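# Close look at the chain arrangement
One-letter residues, chain by chain:
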Amino acid sequence: MMAVVLAIAIGALTFEPSEMPAIDVSGVQALSGEAITNYGHADLNGDGVSDLLLNDVLLIQRDGRFPADSACPLPESGDDTLLQAWDGRLYAWSDSGLRQYRLQGDTWECTADDALPRPVAGQFAPAAGLAGTRRQGFLHDCDGDGTPEAVAVTPLGVLLYVDHGEGYAETGSLSILPGMRLANRAPRSLSPPEVRRLVFPVLEMACRLVLEQDTIAVITRDTVDVETVRYTRKRYGWNSAETTTAVTETTQPLARHMHPCRLNGDGVLDFAGGRWTSSEAAMLPMPYHETWASLDGGRTVHIRRSSALPGFRPRCSFIDFDGDGDLDMVTEETGFFDGGLRETVSRLLTLPEVRHTVNVYLQRDGGFEENAAYRASFTIGLEHPAIGQDDAFMRYRAGELVDITGDFDGDGKRDLVVRDRLDRLSVHLTGPHGYTNDPHAVLSIERAARSAVADVNDDRRSDIVVHGDAHVTMVYFSRGNGA
């Protein structure tokens, strides 16, 4: 069992521990800073605060926490049922129909039961972070009337179901998906004879669907050559009755490691990604990680290069750091390679620690500022010199020891959590002049535990989630403002 250890509070920032074995925070979306969780927020009992919707239970929030007796089982349904909350109601869509429920006390009341079997999606993969979950979104208010439409994606097209007051009914299929095409496969060998195989052609359909208000976008990628790709976005205006003519945009060739994303709200397709490279100018090749971003559809690319271990990437490369709605760029660099060859070799062979730096480049005027607006350097203990590649070093190389996604005091700016030892998390708040050297709070955790950041109780202050041995999960709810 994980020992419950209270945080050492410095100032007014404290963390209140609570055991919550049902939840999981498995990581963060690198191009948005959003936590990947096995739950969703929903106020289904109408008390004005968010509860946690999991695959089989609703955890009801009380006084900023989720006590064990607050668990409310969900209505009985099959494992293939999709769940989504909307405007205080729970929608459950299965192969037997689409049902709506309201929570009355601790009992679920079925308020609508439409004989509308959910279409089979074939082998379509779920959205990132949703594998193995029933909480795949299928509701969207495409006509803005406040009543959501049900949307299903199948190999034959996008099916739309509308409720005009008499229950949901199908309005037709939107034939907007790209056609099937031959999948790229590794070249086959003819020699030696024992490796020869008869392989049948494989067809695939690959695209991204993005639903926004009364618009649906279909994004496809085509290979130009071994290093570059080209994206095409078709946007359709649509409502509950029909779609309008598509507007097609095609990018110029982009580096293969660039991926479509949204870094601001101007409607232009953004791209971001990263790659590893090295400098051969010195006697010892210097490894670097490059962070790339384009805010104008790929015409202009902003690149920041950071000294990093091979294979390293920040846990999060883009996040709205200052709360202005635009995502800013985050880079991290290691101190292993500071100085010349002699200093580098000495650090790798003898020092059980590493100096690490985080840089934040704010998004301004259609680009990212040349100089980092926020910069923090700190020392991370590795227990043994890096040459030994102990557990601390491997976690450091994987980018697990630094997290910049949290806002623990609710001031709208992102704070910093550093696992400066395997058994300790240090929380540094962002002040008017950047990060402070001394932590505002320290958490003692198990050496083998995983840690993550998420706003579990949806109070606009991030919390720290620690997954320990024996499937014990502790949530440290942030309290106070750090003043």
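## Observations concerning the overall build of the chain
What the chain contains, in helices and strands, is two helices and 42 strands. Burial status across the chain gives 47% buried among its 483 residues. Within the chain, contacts between residues at least 6 apart in sequence are counted, and of these 50% link residues at least 24 apart. Counting every atom, the chain has about 23,800 Å² of accessible surface; 50% of that belongs to carbon and sulfur.

## Quick notes on the pattern of salt bridges
Overall, the coordinates contain 19 salt bridges when judged by the stated rule. Across the salt bridge formed by Arg 305 and Glu 290, the nearest N and O atoms sit 3.0 Å from each other. Of this pair, Arg 305 sits in strand β27 (residues 302-307) while Glu 290 sits in strand β26 (residues 286-294), placing them 15 residues apart in sequence. In this structure Arg 305 comes out as partly exposed when scored by relative accessible area, which is 46%. The class of Glu 290 is buried, set by a relative accessible area of 6%. Here Asp 420 and Arg 424 are joined by a salt bridge, their closest N and O atoms 3.0 Å apart. Exposure remark for Asp 420: the relative accessible area of 13% places this residue in the buried category.

## Looking at the environment of Met 329
Relative to the helices and strands, Met 329 is located in strand β29 (residues 328-334). In this structure Met 329 comes out as buried when scored by relative accessible area, which is 0%. Along the chain, Met 329 and Trp 292 lie 37 residues apart, while their C-alpha atoms are 9.1 Å from each other. Discounting chain neighbours no more than four positions away, the residues touching Met 329 are Thr 291, Ala 293, His 302, Arg 304, Ser 317, Phe 318, Asn 359, Val 360, Tyr 361 and Phe 368.

## Observations concerning unusual backbone geometry
In this structure, Gln 213 is a non-glycine residue whose phi angle is positive, near 50°. On the secondary structure map, Gln 213 appears in the loop between β19 (208-212) and β20 (215-223). Even without a glycine there, the phi angle at Asp 458 is positive, about 55°. As for its position among the elements, Asp 458 is in the loop between β40 (450-454) and β41 (463-467). Asp 458 sits in the partly exposed class, given a relative accessible area of 38%.

## As for empty space enclosed by the protein
Taken as a whole, this structure holds two cavities of 30 Å³ or more when the rule is applied. Of the pockets and cavities examined, the largest cavity occupies roughly 70 Å³. Taken together, 13 residues line the largest cavity, and the ones lying closest to its centre are Arg 315, Asp 403, Val 417, Leu 425 and Ser 451. When the residues that make up the lining of the largest cavity are grouped by side-chain class, the tally is eight nonpolar, one polar and four charged. By volume, the second largest cavity is sized at about 50 Å³. Mapped by element, the contributors of at least two residues to the lining of the second largest cavity are β3 (25-28), β34 (402-406) and β40. Of the residues that constitute the lining of the second largest cavity, the class distribution is five nonpolar, two polar and two charged.

## Regarding the sheet that holds β41
Read across the sheet, four strands follow the order β2-β42-β41-β40 without closing on themselves; strand pairing throughout is antiparallel. Unpaired on one side and paired on the other, β2 (14-19) and β40 mark the two borders of the sheet. Neighbour-to-neighbour, the strand axes of this sheet turn through a mean angle of 25°, independent of strand direction. Sheet topology note: the β40/β41 ladder contains five bridges and is antiparallel. Looking at β41, one finds that Ala 452 is bridged to Val 465.

## Some thoughts on the nonpolar core
Formed by 32 residues in total, the largest nonpolar core has its most connected members in Phe 336, Ile 380 and Leu 416. Elements supplying a minimum of two residues to this core: β26, β30 (353-361), β33 (374-381), α2 (391-397), β34 and β35 (415-421). Non-local contacts of Phe 336, meaning those with residues more than four positions away in its chain, are made with Leu 309, Thr 344, Arg 347, Leu 348, Glu 353, Val 354, Leu 382, Ala 386, Phe 393 and Tyr 396. Counting residues in each nonpolar core, the second largest holds 16 residues, with Phe 15, Leu 429, Ala 441 and Val 466 among its members.

## A short note on the sheet that holds strand β13 (residues 139-140)
The four strands lie next to each other as β13-β14-β15-β16, forming an open sheet whose pairing is antiparallel. What marks the edges here is a single partner per strand, and that holds for β13 and β16 (168-174).

## Description of a nonpolar patch on the surface
Nonpolar side chains collect at one region of the surface, where Leu 341, Val 345, Leu 349 and Ile 387 lie side by side and expose about 340 Å² of accessible area between them. Following the sequence through the fold, Leu 341 ends up in helix α1 (residues 341-350). In this structure Leu 341 comes out as partly exposed when scored by relative accessible area, which is 36%.

## Some remarks on the side chain of Asp 114
In this structure, Asp 114 sits in strand β12 (residues 107-114). No salt bridge is formed by the buried Asp 114, whose closest oppositely charged neighbour, Arg 89, lies at an N-O distance of 9.2 Å. A distance of 3.2 Å separates the side chain of Asp 114 from the backbone nitrogen of Tyr 168, its partner in a polar contact. Not counting residues up to four positions away in its chain, the partners in contact with Asp 114 are Gly 97, Leu 98, Gly 167 and Tyr 168.

## Details of the packing of aromatic side chains
To describe a pair of aromatic rings, you give the distance between the ring centres and the angle between the ring planes. Inspection of every chain in the model, using the stated rule, returns eleven aromatic pairs. Seen from their ring centres, Trp 93 and Tyr 161 are 5.5 Å apart, and the 85° between their planes marks the pair as edge-to-face. Of this pair, Trp 93 sits in strand β10 (residues 89-94) while Tyr 161 sits in strand β15 (residues 157-163), and the two are 68 residues apart along the sequence. Taken as a pair, Trp 93 and Tyr 161 share a single burial class, namely buried. Pairing Phe 312 with Tyr 396 gives two aromatic rings, centres 6.3 Å apart and planes at 25°, and the pair type is stacked.

Criteria and thresholds
Residues numbered from 1 in each chain as written. Predicted model: local features only at pLDDT ≥ 70, side-chain atom pairs only at ≥ 80, totals over all residues. Heavy atoms only, no water. Helix = DSSP H or I, 4+ residues; strand = E, 2+ residues; numbered from the N terminus. Buried < 20%, exposed > 50% of the residue type's maximum accessible area, 1.4 Å probe, protein only. Contact = heavy atoms within 4.5 Å. Areas by Shrake-Rupley, 256 points an atom, 1.4 Å probe, with all protein chains shown as cover. Salt bridge = Lys/Arg side-chain N within 4 Å of Asp/Glu carboxyl O. 1 Å grid on protein atoms, 1.4 Å probe; cavity = no way out; pocket = protein on both sides within 12 Å on 5 of 7 lines; lining within 4 Å. Points joined across faces, edges and corners; volume = space filled by probe spheres on them. Nonpolar A, V, L, I, M, F, W, Y, C, P; charged D, E, K, R; others polar. Pairing = 2+ DSSP bridges. Axes fitted to C-alpha atoms, helices over the stretch in contact; angles between N-to-C directions. Core = buried A, V, L, I, M, F, W, Y, C linked by side-chain atoms within 4.5 Å. Patch = residues over 30% accessible without salt bridge, like charges linked within 9 Å, V, L, I, M, F, W, Y side chains within 5 Å. Lys, Arg positive; Asp, Glu negative; His and termini not counted. Polar contact = N/O pair within 3.5 Å; in protein donor to acceptor, adjacent residues only side chain to side chain. Phe/Tyr/Trp six-rings, centres within 6.5 Å; stacked < 30°, edge-to-face > 60°.

The values are spatial; any link to function lies outside them.
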